[in-house]
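Chain and residue survey
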There are 2 protein chains.
Amino acid sequence: MKRIVLVGAGRVATCLGIALQKVDYEIVQVYSRTEVSASALARRLSTAYITSLDEICRDADLYLVAVTDSALEEVAEKVTKGREHALFVHTAGSMPLDVWKGWVRRYGVFYPMQTFSKEREVDFSKVPVFIEASSSEEWHDLHALAAELGSKVYGLTSDQRKYLHVAAVFACNFTNHMYVLGARLLEEHGIPFEVMLPLIDETARKVHELAPAEAQTGPAVRCDENVIIRHLAMLSDYPLVQDLYERISWSIRNQKTKEK
Amino acid sequence: MKRIVLVGAGRVATCLGIALQKVDYEIVQVYSRTEVSASALARRLSTAYITSLDEICRDADLYLVAVTDSALEEVAEKVTKGREHALFVHTAGSMPLDVWKGWVRRYGVFYPMQTFSKEREVDFSKVPVFIEASSSEEWHDLHALAAELGSKVYGLTSDQRKYLHVAAVFACNFTNHMYVLGARLLEEHGIPFEVMLPLIDETARKVHELAPAEAQTGPAVRCDENVIIRHLAMLSDYPLVQDLYERISWSIRNQKTKEK
């Protein structure tokens, strides 16, 4: 399984293509609807590019499809035609395995969970990869691919992957919003955001060693009513932020009660 | 200002004492109400300890008071008696400068903002220190002290420090609760929490380079109603978590609208 076609030239395709080439896979073609994206990635990988699905070669071992969620179903139907021998895989975490069903016999999901950007090279040894496949044979092929990249592999069902996605919204997107709200309070009182970075780093570092519930600190988990009341009063000019402060504090105490 | 008495033997006193000794300050005494704490820290610093405020020596240059918020006022009154020549400083971020007023002429706040633990040595070059003082002379003394530790110094008023504390509740305590909620969803679907760590690290790392509002990703900031509705439906068994998902998503969109 050495000859790979990259279908898509976005952030995931770019990072995966570069990493796979480094461990001696051959990227035989890059496809993107837009010539700018296709040619840019093809140049980085010193390979050919095409902008029409019909022109994709028919003799690759693996077609790695990294297109947007909404485009995937249409691409799956078209790209499989006349290439029924090969293994087809998509990289979209929120899309089910079944998207390939009916079009082709050998298929799978290869979802590397990280925030990728085209400019920065990714260390795949630090990226967990979630795999699902049509049969154990394809599962092992995909496992071998991830192992070559040095990634840690997890087998998840499509249903588990859905919950993984919601969990990531909390642990990453909502976490970033907590940074936003903190930054806003600092800004409005003339304090630079950088002062918060050492604490933010330590908060992330701590959950490498402790379960998040054990790492919880602050007035809510201490049930320090005096501080909570003082903070709510200070936030009276920001009713939405005040409301979130109250509800998250309540959720922290509720979580603590449940653990007992 | 080389001879220092540590009033308190908790986490902050321990980390500060070790760091100050390393840059050649002399810790002449350690005080704690409890002998176990006092003797433990005194042993680490090879110095004397006392457990009565009356026995604290009268010829130190600086009395560094690192006791709990609730004990500070009482300690301030007692520890200043007969030592009116010296500089008195407390390390509690949430307590005002005024706590010293009336008791002594030279005083200040020296608040190193980090999560300290007695077991781990702290790199003070990565700890921001917030200073306030009775006059510019004391301010410069405290600035010099922080500079010797390699810390970045910020001058904040007592009022600014109060908002700094609320901001830290959002950026650190509430962030950790987002990890807790994510961890719970993963656990209930048989997924190990460790899979989330690379994304958590990257989320923290990103705000070193981008303002948090610019770093925001996820369905809420993309206004991706389909994903949000699907996620809310998946959370119907967890009404409290569902409620937080909805409100935080709304807050993200509200924040985005304001930026426009």
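Described below are features of the structure shown in this document. (Residues numbered from 1 in each chain as written. Chains lettered and ligands numbered in written order. Predicted model: local features only at pLDDT ≥ 70, side-chain atom pairs only at ≥ 80, totals over all residues. Heavy atoms only, no water.)

Things to note about the state of the cysteines
Going through the model one piece at a time under the given rule, you end up with zero disulfides over all chains. Distance from the sulfur of A:Cys15, which forms no disulfide, to the nearest cysteine sulfur (A:Cys172) is 17 Å. Not part of a disulfide, A:Cys223 finds its nearest cysteine sulfur in B:Cys172, a span of 20 Å. (Disulfide = S-S within 2.5 Å.)

A short note on the side chain of B:Asn173
In this structure, B:Asn173 sits in helix H5 (residues 158-188). Among the residues examined, B:Asn173 registers a relative accessible area of 11% and is labelled buried. (Helix = DSSP H or I, 4+ residues; strand = E, 2+ residues; numbered from the N terminus. Buried < 20%, exposed > 50% of the residue type's maximum accessible area, 1.4 Å probe, protein only.)

Re the interface of chain B and chain A
Counting from both sides, the interface comprises 84 residues of chain B and, opposite them, 84 residues of chain A. Here chain B and chain A share an interface that buries about 8000 Å² over both sides, 69% of which is from carbon and sulfur atoms. When residues of chain B are sorted by the area they lose upon contact with chain A, B:Tyr163, B:Phe170 and B:Met234 head the list and together hold 9% of the total. Applying the counting rule to chain B against chain A returns four salt bridges. Residues A:Arg247 and B:Asp243 are paired through a salt bridge, measuring 3.2 Å at the closest nitrogen-oxygen approach. In this structure, the connection of chain B to chain A is made through 28 residue pairs in polar contact (both at pLDDT 80 or more). Among the elements of the structure, strand S7 (128-133), strand S8 (152-155), H5, helix H6 (197-206), helix H7 (212-215), helix H8 (225-234) and helix H9 (239-259) of chain B are those that each provide at least two residues to the side of chain B that touches chain A. Tallied by class, residues from the side of chain B that touches chain A come to 47 nonpolar, 22 polar and 15 charged. (Contact = heavy atoms within 4.5 Å. Buried area = accessible area lost by both parts, 1.4 Å probe. Salt bridge = Lys/Arg side-chain N within 4 Å of Asp/Glu carboxyl O. Polar contact = N/O pair within 3.5 Å; in protein donor to acceptor, adjacent residues only side chain to side chain. Nonpolar A, V, L, I, M, F, W, Y, C, P; charged D, E, K, R; others polar.)

Thoughts on unusual backbone geometry
One non-glycine residue, A:Asp24, adopts positive backbone phi at about 75 degrees. The topology assignment puts A:Asp24 in the loop between helix H1 (11-22) and strand S2 (26-31).

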